[in-house]
Structure formats: structure tokens, C-alpha cells
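Residue-level structural notes
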Amino acid sequence: MFCLDFRREGGGVVSTALVAASRLGSSTSFVGTVGDDENGRLIIEEFERYGVDIDCLQVKPNASSTFSFIMVDQKTAQRSIVTSPGCYKDVIMEEKEKKLLSSASYLHLDSYVIQVGIKAAQVARENSVQVSLDVGTLRPGVEDLLPLVDILITSELFARQLIGKDDPERAAKKMLALGPRIVGITLGDRGCFFLTQQGAFWRPAYRVEVVDTTGAGDVFHGAFLHGLLRGWDLERVADFANAVAALKCTRLGGRGGIPTFSQTMAFLRKKGEQRLWGDQPELG
């Protein structure tokens, strides 16, 4: 077996979402930890390159940064992932972090560090900051975080684990009953499904030549939040996020293919999405 190509770049659920949102034009900040090792330096350099504020990034001395080795099959785009956990759980919520959270428009979380996530969500709620959560799998303790979430977008796997069958609509109804105002489920090449108290809708995935799906869900979340910040209606936001995630999948790596805002708008115009975007999508 031979390696035909290789990329070394940052990753992570929340961090890649922030990189995507930043690349699209949003102002973003990251709260988390890295070690003082070579991987930690790479993570910091990438955040700086993409314009993500790292004033609250905590560097742990004599610690290893979290990293993954991902192998992608050239023919099928299927992935095999090996992860070294590192120090990602060692996040400390102090006044500096709380001040940053209280000034945000949205707080985006994952389900890997539940107790820290709960503390952050409580600070956000106290300051009228909307809380967004990306859940990939059903992890212990996540049920304690869900009541604090405003925007809950999960993987297809989580939805199936939640109700024990493949039924996105039923899973979404169960999640909406827990308190979020927006519930979404990403469904890979089937697109996405969303449910609110006002109704439900599906948006199909865009067809592209898929090279690597690594980070596609994370990028979807970042693009989704960017759309909300622009004040678009929910269906347009989901369509935009689908487009950004699709473009990411056309290149190897979790971040290398993340498009700019103008590149995404050109893609949507080429696809002729008149119903949502009209003739000038960039003016939406």
C-alpha cells in the first residue's frame, strides 16, 4: 500500500467550524487547549492564518496536542481515523473566557467536553447568547447539555442512535421537544433535514466530485452560523451550508477545500438556485 498524497493541517469539530466561518467572512474566537508541542504550534499558526482570534487559547506546558491520522481511500473517499486524545479536555473557564462568551452572538460547542460545555452554555444563556451544538454520536452526559441549546444540528448517526431507527423526522421531533428552537440533521449525500416549531423542510445535497469528506459536517456548521449572522431565512442558510460543505469535499483534507464567500456564491449561481437566491445570490 502506498500513500499517493499527504496533507498536514488543523482539524477538530468546533475549530474547523470556526475556520470555515472565518474564511466566509465572520468574526470568530476559539476557547480551548493545545500542548506546547509541534502540533500545538501548527494549530496556532493555522488559526492565525485563517483569522480566528486565539486570545483565549490555552497552551498547556509539557502536554501533547490532540491529533488524528486520517487515511482516505482514493476510489471510494471512505476514511479510516486514528486519534490521539491529547489535552483537549483541560479547558479552564475563567473570567477572561466568560467575558468573551458573554460578548458573542453565538456560542458553538461540541459534545466532547460536556461539563465545560455546560458551564459555557450557562454563561451564554445568562447573557442572551445563542448556543449552537454539533453532536456526532450519543455520548454519556449529552442529555444534560441539550436543554441549554438553541440550535441543535446532529449527524445522521446520532439521530439513529437516539430513537433506534433511521427516521430523521421522528428523531428531529424528539430533539425539538427537548428545547432547541432549531433542530437539524445532516444526512451526507442526502442533504439535510430541519425542524422548528414553524415547520420542517429538506434541502438536497449538491452533487460534486467527492475527494474527501473529512470535516464536511464541521464546515457545514460554520457556514450555517455564518448564514444566521447574515440574517437569512433558515432554508437559505441550510442551502448555503450544503454548498460550502460540498465544495470542501472536492479537495483532500478537512480545511484545504473550504471556499470563500465569493466562491460559494459563484457555485450557487452556477447551480441555478433561483428559488432561494434569485439572480444575484451575493446580495442575499
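Right above here is the structure, for reference.
These lines cover the structure that appears in this document, whether it is placed above or below. Please read these numbers as outputs of a predicted model, since none were measured by experiment.

Cut-offs applied
- Numbering of residues begins from 1 in every chain and follows the order in which that chain's sequence is written.
- Local features are withheld for residues below a pLDDT of 70 in this predicted model, meaning they are given only at 70 or higher, and side-chain atom pairs are given and counted only at 80 or more; totals for whole chains, interfaces and linings count all residues.
- Just so you know, side-chain values use all the structure's heavy atoms and leave hydrogens and water out.
- The pocket and cavity definitions rest on a 1 Å grid over protein atoms only: a 1.4 Å probe that fits but cannot leave marks a cavity, an open set with protein on both sides within 12 Å along at least five of seven lines marks a pocket, and residues lining either have an atom within 4 Å of a point.
- Grid points are joined across faces, edges and corners, and a volume is the space filled by probe spheres set on the points.
- Helix numbering and strand numbering both begin at the N terminus, where a helix is a DSSP run of H or I of at least 4 residues and a strand a DSSP run of E of at least 2.
- In this classification, the charged set is Asp, Glu, Lys and Arg, the nonpolar set is Ala, Val, Leu, Ile, Met, Phe, Trp, Tyr, Cys and Pro, and all remaining amino acids, among them Gly, are polar.
- Between buried and exposed lies partly exposed: a residue is buried under 20% and exposed over 50% of the maximum accessible area for its type, with that area taken using a 1.4 Å probe on protein chains only.
- As a rule, the C-alpha atoms of each element are fitted with a line to give its axis, helices using only the stretch in contact, and angles between N-to-C directions run from 0 to 180 degrees.
- Angle categories are assigned with fixed cut-offs, so that under 35 degrees is roughly parallel, over 145 is roughly antiparallel, 65 to 115 is roughly perpendicular, and the rest are oblique.
- Residues are treated as being in contact if the distance between any of their heavy atoms lies within 4.5 Å.
- In short, DSSP must find at least two bridges between two strands for them to pair.

Going through the model one piece at a time under the given rule, you end up with one cavity of 30 Å³ or more. Computed from the structure, the largest cavity encloses a volume of approximately 40 Å³. Around the largest cavity, the lining residues are Glu 156, Ala 159, Arg 160, Ile 163, Lys 165, Asp 166, Asp 167, Pro 168, Ala 171 and Leu 187. Mapped by element, the contributors of at least two residues to the lining of the largest cavity are α6 (156-163) and α7 (168-176). Considering every element that reaches the lining of the largest cavity, the biggest residue donor is α6, with four residues. Split by residue class, the lining of the largest cavity holds five nonpolar, no polar and five charged.

All right, on to the side chain of His 221 then. Structurally, His 221 is set in helix α8 (residues 216-229). Judged by its relative accessible area of 3%, His 221 falls in the buried class.

Attention now goes to the packing of helix α9 (residues 234-248) against helix α10 (residues 261-271). Axis separation between α9 and α10 bottoms out at 10 Å; the angle between their running directions is 105°. Regarding the angle of α9 to α10, the classification is roughly perpendicular. Of α10, the residues touching α9 (which contributes Asp 239, Phe 240, Ala 243, Val 244 and Leu 247) are Phe 261, Gln 263, Thr 264, Met 265, Phe 267 and Leu 268. A class-by-class count of the residues in the contact of α9 with α10 yields eight nonpolar, two polar and one charged.

Let us look at the sheet that holds strand β5 (residues 106-110). Taken in spatial order, the six strands of this open sheet run β5-β6-β7-β8-β9-β10, and their pairing is mixed. The sheet is open, and its two borders are formed by β5 and β10 (199-203), each paired with just one other strand. Across this sheet, the average inter-strand angle for adjacent strands is 15°, counted without regard to direction. Where strand β6 (residues 130-135) meets strand β7 (residues 151-155), four bridges bridge the pair, whose relative direction is parallel.

Worth remembering: the numbers are spatial, not functional.
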